[in-house]
Amino acid sequence: MFKLRGHHLFCLLGYRGMGYSQEYVQNMTHLHQTLRNNPKTFIQLVKGPDQLCEKFPNSGTYHCQDDNIYERDAVILKKMGLEIGQILMWEEIESRIRKFVVPSDIQMVCETCSWRSYGICEEGIQELHEGKGLREVK
Ligand code: SF4
């Protein structure tokens, strides 16, 4: 089981192998591949820093405890009808995203994120709506 905070549920959809450091990318790729290969993997929703934040490099500006990031987590969970502490399979998360989220939500929910302008997170949500899952990261 993996522990994830709200906004990382969206970040995984847009993940294309980019990240804050080599260690961060290795960790995220491992998580991403596990969920892609086994969508029945359990996820526990947590408040604040999770298993991805753990590998945030010391060299970068640490934003994982910023108020606006907690707020982003809360908005995303609420949108999907989920709560902190809940445990559910990744495929259930995908199905809730299909039901409750549209690509343009990224523009509003993730307004301050530096990755937003790449358009990959919106693309990831769009692909879920098209019946696809997580994209293969090479
Ligand atoms: S825009 Fe940023 S916070 Fe939002 S899903 Fe993408 S990477 Fe995550």
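Residue positions within a chain follow its written sequence, with the count starting from 1. Side-chain atom pairs in this predicted model are given and counted only at pLDDT of 80 or more, local residue features only at pLDDT of at least 70, and totals for whole chains, interfaces and linings cover all residues. Only hydrogens and water are removed before side-chain values are computed, so all heavy atoms of the structure are retained for them.

Section: the site of the ligand
Turning to step 1, where the next piece is worked out: In these notes, residues near a molecule or strand are those with any non-hydrogen atom within 4 Å of it. Around the ligand, the neighbouring residues are His7, Phe10, Cys11, Arg72, Ile106, Cys110, Cys113, Trp115, Arg116 and Cys121.
Turning to step 2, where the next piece is worked out: Numbered from the N terminus, helices here are DSSP runs of H or I no shorter than four residues, and strands are runs of E no shorter than two. Take the shell around the ligand: its biggest share by element is three residues, from helix H1 (residues 6-14).
Turning to step 3, where the next piece is worked out: Asp, Glu, Lys and Arg are counted as charged, while Ala, Val, Leu, Ile, Met, Phe, Trp, Tyr, Cys and Pro are counted as nonpolar; the rest, among them Gly, fall into the polar class. Looking at the shell around the ligand residue by residue, the classes come out as seven nonpolar, one polar and two charged.

Considerations on the pattern of salt bridges
Turning to step 1, where the next piece is worked out: Salt bridges, as used here, are contacts in which a Lys or Arg side-chain nitrogen is within 4 Å of a carboxyl oxygen on Asp or Glu. Following the criterion strictly, the structure yields nine salt bridges and no others.
Turning to step 2, where the next piece is worked out: Put simply, Lys79 and Asp105 hold a salt bridge, and the shortest N to O gap is 3.3 Å. Remark: Asp105 occurs in helix H5 (residues 105-109) and Lys79 occurs in helix H3 (residues 67-79); sequence separation between them is 26 residues.
Turning to step 3, where the next piece is worked out: Across the pair Glu94 and Arg98 runs a salt bridge, and its minimum N-O distance is 3.9 Å. In this pair, Glu94 and Arg98 are both assigned in helix H4 (residues 90-100), four residues apart and thus about one turn of the helix distant.
Turning to step 4, where the next piece is worked out: Of the residues examined, Arg98 reaches a relative accessible area of 31% and is grouped as partly exposed. Partly exposed describes any residue whose relative accessible area lies between the buried limit of under 20% and the exposed limit of over 50%, with all areas from a 1.4 Å probe on protein chains only and scaled to the type maximum.

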